[in-house]
Amino acid sequence: MDAIPPDAPAPRLCHVIKRPDFEGFGFNLFAGKVKTGQFIGKVDAGSPAEDAGLKPGDRIIEVNGVHIGVENHKQVVQRIKLRPNETELLVVDDETDEYYASRGLTIKSTNSNVIRKRSSPAPEPARKISSSSSESESEQQKQAARLQQQQQQQQAYVTNGQRRESSSSEGEDWSNAPAPRLCHVIKWNENDGFGFHLLADKKRKGQFIGKVDAGSAAEAAGLKLSDRIVEVNGHNVVEETHKQVVQRIKAVVNETKLLVIDPQGQLYYAERNITITSSMPNVQKMRTPATPPQRINNRPDNLKLAVTTATAITETNGSSMAPPTKSSLKRVSSAPAPRLCHIIKWRQDAGYGFHLLADKKRVGHFIGKVDPNTPASAGGLKVGDRIIEVNGHNVVNETHKQIVERIKSVSNETKLLVLDPEADLYYRERDIMVSSSQSNVVLIKTPAAPRATNESSDDDDDYEVKLRSKGSRSPPSRSSVSPLTSPTSPTRPLSMATIAAAANSGLNLNMSAAQLRARLAAQKKYDPKREAMDLRRKHEIIQTM
């Protein structure tokens, strides 16, 4: 038998006996969702269970002398029913359970410090001549039992190294209480942070989660905005300063355990004067997964934007790959498609042709202006597009300067995942995190630079003249003149006089501008003044005149 220290808290062996004046034992049983075992849920007032000393949150160790170990809920219920009108439950509260577990001590009903309590038997029928006396005696017994129970509840106990008085949690129904979360946050990379910000609110006492970065280890571990921090690595920090809490977080390298509660849960426990601890039976334990997910998408109403391995992305730059399979587009067929614009410069000394805009009225960064006939316009960027990723990195929460640096980090090209205003609203309303790995992303790539015409002179240009017919004498419309867009040099269109002369001459209008000017010059009227001649020839002409 394990030696029980004299200061060890006492388990309770509660002998619950049914009474004719009360239906059932008067307690509810529930299985712990986070902690292994079976627990007492609700204890009805004035019930045999309350009379026998059962309390909400008690963990059951034995049923009718049998250690239940890891038995499931159904097995424990069957053991209780084996004795129809009575049952013996060996139970411990949270602090007692933690005490024995931390010291490796086994809890048994044969331990010397076990407190045994039995519910009162059914009251005898009252005699007519002494009915008032019997009722008075029975009431006195109940008052004495309640007084004894209150004295036991007022005993001090230890939580996280600090001694405090027992609160009103002894009578709480844990099955309906908001669940605190014990978030075990583990860094995916020792060079990265946890992904959350700590906030000290001047109007409220305590430390709170100020911001949780999207896709971070903190978000994956269950931390949420405005959570109040109750414990850090097992230590209660409710009364500690901001600096002390930061030091406790840094005390364990690359990981930390934070017991947190949301604002609604904090109000619930504060109104009932209940101290929140990580040993509560309803605590939810959450942990950062070993590897970062491809996409943060945990909401039940989110679309499942799962990517299949064999899925190909459709391109719109003149060629296309195999379309995505139906399974990869399941449940995203109606969702607007993000665009992954691969912008490639046509010249190293030129720009992309778009302007970046930070809108004060809206969160994020947007495409402010797209110059025509540029790599940006050819690569699918549009005015008003919101930038989600730059070169594979999510930039939703980054500053203007950081985004510019990411664009410049790759020379002469950049990949921007963007959403038009309609698509942005769609995903925002559904709180969906958009990423380039979605199966409905459309890839648009800047095509190669247009080929420029090599034949040029100081008065020609890089335009082709396309008339409807060779014999047409009417000057061509604007639509008939199409520029060969070249990023290398500015262009000057032919004059209308030149185009009209070409049309009237019946020349081949598919020739280049330089060839056209040369042909027209050759067909001009002969001018003898421009002919070169020697003095003898000039003398002969004068003699003839």
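The structure reproduced in this document is the subject of the present report. Given the structure is predicted, the values throughout are model-derived calculations rather than measurements. (Residues numbered from 1 in each chain as written. Predicted model: local features only at pLDDT ≥ 70, side-chain atom pairs only at ≥ 80, totals over all residues. Heavy atoms only, no water.)

Here we look at the overall build of the protein
Along the backbone of the protein there are 13 helices and 25 strands. When burial is assessed residue by residue, the protein has 38% of its 545 residues classed as buried. (Helix = DSSP H or I, 4+ residues; strand = E, 2+ residues; numbered from the N terminus. Buried < 20%, exposed > 50% of the residue type's maximum accessible area, 1.4 Å probe, protein only.)

Let's talk about the packing of aromatic side chains
Inspection of every chain in the model, using the stated rule, returns seven aromatic pairs. Measuring from ring centre to ring centre gives 5.6 Å for Y99 and Y100, while their planes differ by 70 degrees; the resulting arrangement is edge-to-face. By relative accessible area, Y99 is classed as buried at 14%. The ring of Y99 carries R103 above its face, with NZ or CZ at 3.7 Å from the centroid. Positioned above the aromatic ring of Y268, the side-chain terminus of R272 is 3.7 Å from the ring centre. (Phe/Tyr/Trp six-rings, centres within 6.5 Å; stacked < 30°, edge-to-face > 60°. Lys NZ or Arg CZ within 6 Å of the ring centre and 35° of its normal.)

Topic: the pattern of salt bridges
Enumeration according to the criterion identifies 14 salt bridges in this entry. Taking the shortest distance from any N to any O, the salt bridge between E240 and R248 comes out at 2.9 Å. Judged by its relative accessible area of 17%, E240 is buried. Notably, a salt bridge pairs R428 with D424, separated by 3.3 Å at the nearest N-O pair. Of the two residues, R428 and D424 are both situated in helix α10 (residues 421-429); the distance of four residues between them amounts to about one turn of the helix. (Salt bridge = Lys/Arg side-chain N within 4 Å of Asp/Glu carboxyl O.)

So, the environment of F30
When you line up the elements, F30 lands in strand β2 (residues 27-31). A residue is classified by how much of its surface remains accessible, and F30, at 17% relative accessible area, is buried. Taking the C-alpha atoms as reference points, F30 and G57, 27 residues apart in sequence, are found 9.5 Å from one another.

Considerations on the pairing of strand β20 (residues 386-390)
Extensive coverage of β20 is indicated by the burial of five of its five residues. Bridging between β20 and strand β22 (residues 413-419) involves four bridges; their strand directions are antiparallel. Following the sheet pairing, R386 is matched in β22 by L419. Inspection of the sheet shows β20 paired to strand β21 (residues 393-394) by two bridges, in the antiparallel sense. By the bridge assignment, V390 is partnered in β21 with H393. (Pairing = 2+ DSSP bridges.)

Points about the side chain of S47
Mapped onto the secondary structure, S47 falls in the loop between β3 (38-43) and α1 (48-51). Setting aside anything within four residues of it in sequence, one finds S47 in contact with R19, F22, F25 and G26. (Contact = heavy atoms within 4.5 Å.)

Examining unusual backbone geometry
Located in the positive-phi region is N254, a residue other than glycine, with phi close to 65 degrees. Following the sequence through the fold, N254 ends up in the loop between α6 (242-250) and β15 (255-261). Assessed through its relative accessible area of 25%, N254 is described here as partly exposed.

Describing the side chain of T277
By the element assignment, T277 lies in the loop between α7 (263-271) and β16 (284-287). By relative accessible area, which is 3% here, T277 ends up buried. Only 3.0 Å separates the side chain of T277 from the side chain of S279, close enough to count as a polar contact. (Polar contact = N/O pair within 3.5 Å; in protein donor to acceptor, adjacent residues only side chain to side chain.)

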